[in-house]
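Examining the three-dimensional arrangement
Given next are the chains, with one letter for each unit.
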Amino acid sequence: MSKYLVTGGAGYVGSVVTAHLLEAGHEVAVLDDLSTGVREAVPEGADFIEGRVQDSARHLGPSFDGVLHFAAFSQVGESVTHPGKYWENNVGGTMALLAAMRSAGIRKLVFSSSAATYGEPVSVPITESAPTAPTSPYGASKLAVDHMISGECTAHGLAAASLRYFNVAGAYGDCGERHDPESHLIPLVLQVALGTREAISVFGDDYPTPDGTCVRDYIHVADLAEAHLLAMEAISPGEHLICNLGNGSGFSVREVVETVRKVTGHPVPETAAARRAGDPAVLVASSEAARERLGWNPSRPDLAGIVADAWDFARARTAGG
Ligand code: UFG
């Protein structure tokens with residue numbers, strides 16, 4: 001059993017990883033400033049510290065075995081209009097965290113990176129050796145942190161992993177997507193099925209894909225969480241492991257909408273809308289590195305299953321107000 005600090009543990013992915021760490025018998029302290037996370041999302045059994053990652057030196061001591069770092073702003077569109085916010089929080093926050101870890105002698109880190117570090121893919125599936133040319137300050141901030149972590153591993157012997165998520169979806173019990181405003185496809189389509197939104201806007205139907213809509217690699221948040229626990233075990237001092245996390249198969253926006261209709265039994269009206277700036281046509285991961293280096297084997301790749309779990313969460317939230 002180990003003791004971990006989870007920054008951003010009141011958010012979507014951070015809360016699901018916290019639940020998995022607790023189930024595995026670990027002790028967890030969540031550090032979150034609740035700027036986008038919600039207190040109720042923090043799983044029972046975790047200690048909660050309300051605070052900024054910039055102040056992590058106040059909360060980190062030698063009793064911690066490692067840190068899982070999720071605290072970050074994550075809206076691609078907002079990062080284009082407010083880039084400074086992303087440098088300050090995502091990059092500045094991580095600089096402070098790394099310094100605090102160094103002073104406290106904590107030598108293990110798992111970081112929540114993103115497929116957005118690659119930008120427009122040169123070829124798919126995307127491997128970790130693909131060029132990194134982010135198309136938004138959000139992606140650039142995640143890439144800058146990846147570089148910062150590499151330097152920390154080389155210079156100071158940190159053991160670290162950066163996990164580059166593709167399209168995370170689904171829910172795990174009480175932990176699911178609660179973004180406000182919501183911008184992600186699956187929760188938005190579920191709002192239409194629930195009747196709280198009129199129709200889903202399909203952003204572009206003239207992409208060079210089989211049905212003209214964008215293709216993405218959807219990964220169940222619980223499969224994603226399991227990779228974090230494996231990464232914490234797999235890392236070694238001085239090494240920075242970088243692994244994509246996806247299922248390796250793509251689904252179009254139309255296929256997602258159709259799956260939601262089947263799973264929920266509700267009609268989901270759609271309206272054609274203009275392309276969203278910065279959306280690549282196809283984003284599909286090669287997760288060979290995660291399979292080989294972490295021994296990771298996602299067990300919930302079925303899109304209907306991912307949607308069904310998100311649907312249960314969305315309905316429970318609506319019923320509970
Ligand atoms: N989409 C619609 N209508 C909507 C919302 C989304 O058609 O109302 C489309 C998007 O254009 C895109 C697809 O659905 O083609 C998926 O969009 P999401 O916003 O759900 O996810 P993204 O692929 O844009 O973003 C995800 C993560 C980001 C990450 C990015 C790059 O959410 O954090 O992948 O890998 F940066």
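Residues numbered from 1 in each chain as written. Predicted model: local features only at pLDDT ≥ 70, side-chain atom pairs only at ≥ 80, totals over all residues. Heavy atoms only, no water.

Across the sheet, 3 strands lie side by side as β12-β9-β14; this open sheet has mixed pairing. Strands at the two margins of the open sheet, each flanked by one partner only, are β12 (251-252) and β14 (282-283). Bridging between strand β9 (residues 215-216) and β12 involves 2 bridges; their strand directions are antiparallel. Across the sheet, Val-215 pairs through a bridge with Ser-252, a residue of β12. (Pairing = 2+ DSSP bridges. Helix = DSSP H or I, 4+ residues; strand = E, 2+ residues; numbered from the N terminus.)

Cross-referencing UniProt, the feature "domain: NAD-dependent epimerase/dehydratase" (unreviewed entry) maps to residues 5-240 in the present numbering. With 36% helix and 19% strand, the stretch residues 5-240 has end C-alpha atoms that lie 19 Å from each other. (UniProt positions renumbered as here; feature names shortened; annotations may be inferred.)

In this section: the site of the ligand. For the ligand, the set of nearby residues contains 21 residues, the closest of which are Leu-185, Ser-201, Arg-216, Arg-276 and Asp-279. Within the side chain of Asn-167, one N or O atom sits 2.9 Å away from an oxygen atom of the ligand. Isolated, the ligand exposes 690 Å² of accessible area, and the fraction of that covered by the protein chains is 90%. Taken together, the elements giving at least two residues each to the shell around the ligand come down to α5 (185-194) and β8 (200-203). With 4 residues, the top contributor of residues to the shell around the ligand is β8. Partitioned by chemical class, the residues of the shell around the ligand number 13 nonpolar, 5 polar and 3 charged. Mapping the shell around the ligand onto the domain boundaries places at least three of its residues in each of domain 1 (3-169 + 220-245) and domain 2 (171-216 + 248-283 + 299-315). (Near = heavy atom within 4 Å. Polar contact = N/O pair within 3.5 Å; in protein donor to acceptor, adjacent residues only side chain to side chain. Areas by Shrake-Rupley, 256 points an atom, 1.4 Å probe, with all protein chains shown as cover. Nonpolar A, V, L, I, M, F, W, Y, C, P; charged D, E, K, R; others polar. Domains from an automatic or database assignment.)

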